[in-house]
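Chain by chain, the residues run as shown.
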Amino acid sequence: MGAAIFFGCAGIAFGPALALVVLTVAAEPLRVIVLVAGAFFWLVSLLLASLIWFISVHLSDREDAKLQHGLLIFGAAVSVLLQEAFRFAYFKLLKKADEGLATISEDGRSPISLRQMAYVSGLSFGIISGVFSVINVLSDSMGPGIVGIHGDSPYYFITSAFLTMALVLLHTFWGVVFFDACEKRRYWCLGLVVASHLLASGLTFLNPWYEASLVPIFIMTLCTGLWAFFTAGGSFRNIIKCLSCKQEDDSRVLMYSALQVPLED
Amino acid sequence: MTELSAHLPQFQHGQLTENFPDNHLSNTQESMASALFNTDQNDNSERRRHDNSECRRNDNPESETNGQPQNNIQQVVEQDEEEDEELTLKYGAKHVIMLFVPVTLCMVVVVATIKSVSFYTRKDGQLIYTPFTEETETVGQRALNSILNAAIMISVIIVMTILLVVLYKYRCYKVIHGWLIISSLLLLFFFSFIYLGEVFKTYNVAMDYITVALMIWNFGVVGMICIHWKGPLRLQQAYLIMISALMALVFIKYLPEWTAWLILAVISVYDLIAVLCPKGPLRMLVETAQERNETLFPALIYSSTMIWLVNMAEEDPDAQRKASKNSTYDKQAPASQTQNEDAEADDGGFSREWQQQRDNRIGPIESTPESRAAVQALPSNSQMSEDPEERGVKLGLGDFIFYSVLVGKASATASGDWNTTLACFVAILIGLCLTLLLLAIFKKALPALPISITFGLVFYFATDNLVQPFMDQLAFHQFYI
């Protein structure tokens, strides 16, 4: 307990996300803004879902434990659907922003591509979702206590950390696939993303039977990762080319944009 | 952007186009030099004022002797306007980040202090501005007391703002300067001494008075120098963030809960009124300063870059220098995005005020609202020859303070703890982003509080009451959504 668990679990949960942010997002202002705005959209979706759950709980019998359990599952499902709806809304907003940026830029191309925005928006949803799920757990893990003293699983912290990591990565991959599906109007892809999100969330209802929840979720993360990789334009050839570090001869003509036509006097 | 660039090109772009290569070089050199530290504005201010007026006087003959036909200038003007528009939005993202970072840092300092040092969450009485207690028997009484407290606080702020405007109108500059210097002395020495003492108590660090005296003396004196005179840009920014955090901590400690939320709400409304209404005290202040063509009183502004040209004092009408002076002019003129849409073409008085205004960074306690409202977020217009990194954006320190108060109060009193704090943090950042977007569209001084505080308050209450029970239940069962 204490600092070791805190740093360990925080590292597991947010290590990949932090690395991705530091390496790909932090340097570009536009991507940081897309990141923060994505977090905002996720928060609004969570707000609405909590409102619905809150109302349903207050309208129902508080004493009935099974009903409350059922309402919680219902609330979680509503939340998943709302998250995907807000992901779609964010896609619409980013598409408009992309067009706007393209029109006002010098060479007619926007400084950030829709694919990059898809990735960053997925990452932002993942980070904020992971943070909201696990930050209170992490802050409790710093203090004194005994895990599972009432008969719950003693592996609560470490499994939470792994689940959070999986969720962050899943959201990133879903973002990429989702935006691509919306762009190409492949609605079955959209449906598949929503279904896999519902499945991932549903599998966590099997906690603390971790073999049934953690393992399938990680398999799903891997599969979705591969799917997102191929959707974003990756291929085996790309990987081999990247790994072999071969410099490709650029036979294109370089255009110097700093040259200015002298103004007529 | 359009209204200002329409006025400026008449005397600037004509010269700029001709001197474009020279101008570009001199600008980058000077801008690099100026980016390193504040120049002494007080010394150069008189000379610069003279130079600028001289620029303007030499304007018209200059453009005539250029021999450029009028339509050529028009063409250049349009081209510049388009490029300015593009460049404005392209720079927008960078400036948003330039404000995100200090606002985030200030909030991080405040939240870290609140979480670790228990002094700032302990109830040790209230300020004299909020005399009614909130430890009452009934909810109705508590609500009434908090409304009265907020009313008193807001009237104090309004009275002080009006007093400041009156003092300014009747040219009592010494009183204003003295007031501001005393306030910043208090903040930099006394409040930081208390803060240091409490941090030592929290971590049980044994410390002697002599060491503390030495530390506080150095901290305070360097702070006064950096803020009021010259200093490295980063150090000055760090000091401004630190005094904003100290001020926010004072508010968090001494304002009871309901009063604090009410004050936040009312102050964003007041901010909106004072900056945008034609008869608002701050708008009147700014207009008076503009009429007199002189500097506004020293205000609290956080500036992300220093774009002063160094040593532009010589009198001889060298075209190159004039062009670069004009470019300084251009840089500051938009900073003075005046609320007067019908500013004359050669009315540069406001920009010079902003020049002089920027050196004086003092920390008044009572005049925080004025300074906050005096300059909210202002962009700088771009210019073809200007190095993009040189344009800065400014935010009043009062905005820093109230953002941090909101997030600090959220972390101190919320049951949802970190969830609520993070939600408020994201809300404030998004509000700031939207405000800067509006700024890029409307191109005049805007209040930075309303949108952010509104989002922050909505998210605080919603997260604390709706989201927190939901997430708590989910975490209890280890469900993930």
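Here the structure is a predicted model, which is why all the values come from computation and not from measurement. (Residues numbered from 1 in each chain as written. Chains lettered and ligands numbered in written order. Predicted model: local features only at pLDDT ≥ 70, side-chain atom pairs only at ≥ 80, totals over all residues. Heavy atoms only, no water.)

**Examining the overall build of chain B**
Argument step 1. The number of helices and strands found in chain B is 17 helices and two strands.
Argument step 2. The long-range fraction of contacts in chain B, counting pairs at least 24 apart against all pairs at least 6 apart in sequence, stands at 81%.
Argument step 3. Within the structure as shown, chain B displays about 18,700 Å² of accessible surface, and the carbon and sulfur contribution to it stands at 64%. (Helix = DSSP H or I, 4+ residues; strand = E, 2+ residues; numbered from the N terminus. Contact = heavy atoms within 4.5 Å. Areas by Shrake-Rupley, 256 points an atom, 1.4 Å probe, with all protein chains shown as cover.)

**Description of the packing of aromatic side chains**
Argument step 1. If you walk through the whole model with that rule in mind, you get 27 aromatic pairs over all chains.
Argument step 2. Seen in terms of ring centroids, F230 of chain A and F236 of chain A are 5.9 Å apart; in terms of plane orientation they differ by 75°. Their pairing is edge-to-face.
Argument step 3. What makes F236 of chain A exposed here is its relative accessible area of 61%.
Argument step 4. Aromatic pair F189 of chain B and W217 of chain B: ring centres 6.1 Å apart, planes at 45°, arrangement tilted. Separated by 28 residues along the polypeptide, F189 of chain B in helix α7 (residues 173-203) and W217 of chain B in helix α8 (residues 209-228) bring together distant segments of the chain.
Argument step 5. Positioned over the ring face of W418 of chain B is K115 of chain B, at 4.9 Å from the centre of the ring.
Argument step 6. The lysine or arginine in question, K230 of chain B, covers the ring of W229 of chain B, its NZ or CZ lying 5.4 Å from the ring centre. (Phe/Tyr/Trp six-rings, centres within 6.5 Å; stacked < 30°, edge-to-face > 60°. Buried < 20%, exposed > 50% of the residue type's maximum accessible area, 1.4 Å probe, protein only. Lys NZ or Arg CZ within 6 Å of the ring centre and 35° of its normal.)

**Comments concerning the packing of helix α10 (residues 257-276) of chain B against helix α11 (residues 281-292) of chain B**
Residue and element names in this part refer to chain B.
Argument step 1. For the pair α10 and α11, the least separation of the axes is 5 Å and the interaxial angle reads 30°. Taken together, the axis directions place α10 and α11 in an arrangement best described as roughly parallel. Along this stretch, α10 crosses α11, giving a crossing that reads as right-handed. In this structure, α10 contributes Y270, A274, V275 and L276 to the contact, and α11 contributes P281, L282 and R283.
Argument step 2. Looking at side-chain class alone, the contact of α10 with α11 contains six nonpolar, no polar and one charged residues. (Axes fitted to C-alpha atoms, helices over the stretch in contact; angles between N-to-C directions. Parallel < 35°, antiparallel > 145°, perpendicular 65-115°, else oblique. Left-handed = near helix turned anticlockwise from the far one by under 90°. Nonpolar A, V, L, I, M, F, W, Y, C, P; charged D, E, K, R; others polar.)

**Quick word on the side chain of S411 of chain B**
Residue and element names in this part refer to chain B.
Argument step 1. Relative to the helices and strands, S411 resides in helix α15 (residues 397-413).
Argument step 2. Overall, the relative accessible area of 3% leaves S411 in the buried class.
Argument step 3. A polar contact of 3.0 Å, which involves the side chain of S411, links it to the backbone oxygen of G408.
Argument step 4. Setting aside residues up to four positions removed in sequence, S411 forms contacts with V111, I114, K115, D417 and T421. (Polar contact = N/O pair within 3.5 Å; in protein donor to acceptor, adjacent residues only side chain to side chain.)

**Regarding the environment of C106 of chain B**
Residue and element names in this part refer to chain B.
Argument step 1. With respect to the helices, strands and loops of the structure, C106 is situated in helix α5 (residues 70-116).
Argument step 2. Here the alpha-carbon distance between C106 and Y209, two residues 103 residues apart in the chain, equals 28 Å.
Argument step 3. Residues in contact with C106, not counting those within four places in the same chain, are I241, S244, A245, F400 and S404.

**Topic: the interface of chain B and chain A**
Argument step 1. At the junction of the two partners, chain B supplies 40 residues and chain A supplies 52 residues.
Argument step 2. Approximately 4,100 Å² of surface area, both sides summed, lies buried where chain B meets chain A, with 75% of it carried by carbon and sulfur atoms.
Argument step 3. In this structure, the connection of chain B to chain A is made through zero salt bridges.
Argument step 4. At the junction of chain B with chain A, the criterion picks out 10 residue pairs in polar contact (both at pLDDT 80 or more).
Argument step 5. Every element with two or more residues in the side of chain B that touches chain A is listed here: α5, α16 (418-442) and α17 (449-477) of chain B. (Buried area = accessible area lost by both parts, 1.4 Å probe. Salt bridge = Lys/Arg side-chain N within 4 Å of Asp/Glu carboxyl O.)

**Regarding a nonpolar patch on the surface**
All names here are of chain A.
Argument step 1. A cluster of nonpolar residues, L226, F229, F230, F236, I239, I240 and L243, forms a patch on the protein surface that exposes about 720 Å² of accessible area.
Argument step 2. Only α7 (210-231) and α8 (236-244) provide two or more residues apiece to the nonpolar patch.
Argument step 3. Here the nonpolar patch takes four residues from α8, the largest share from any one element.
Argument step 4. Within the secondary structure, F236 sits in helix α8. (Patch = residues over 30% accessible without salt bridge, like charges linked within 9 Å, V, L, I, M, F, W, Y side chains within 5 Å.)

**Thoughts on the confidence of the model for chain B**
Residues and elements named next belong to chain B.
Argument step 1. Mean pLDDT for chain B: 72, with 62% of residues reaching 70 or above.
Argument step 2. Predicted confidence is poor over residues 307-367, with pLDDT under 50, and the contacts of this stretch with residues over four places away or in other chains come to 210 contacts.
Argument step 3. The model gives residues 374-386 a pLDDT under 50, and that stretch makes 74 contacts with residues more than four places away or in other chains.
Argument step 4. ipTM for the predicted complex: 0.89, alongside a pTM of 0.76. (pLDDT = per-residue confidence, 0-100.)

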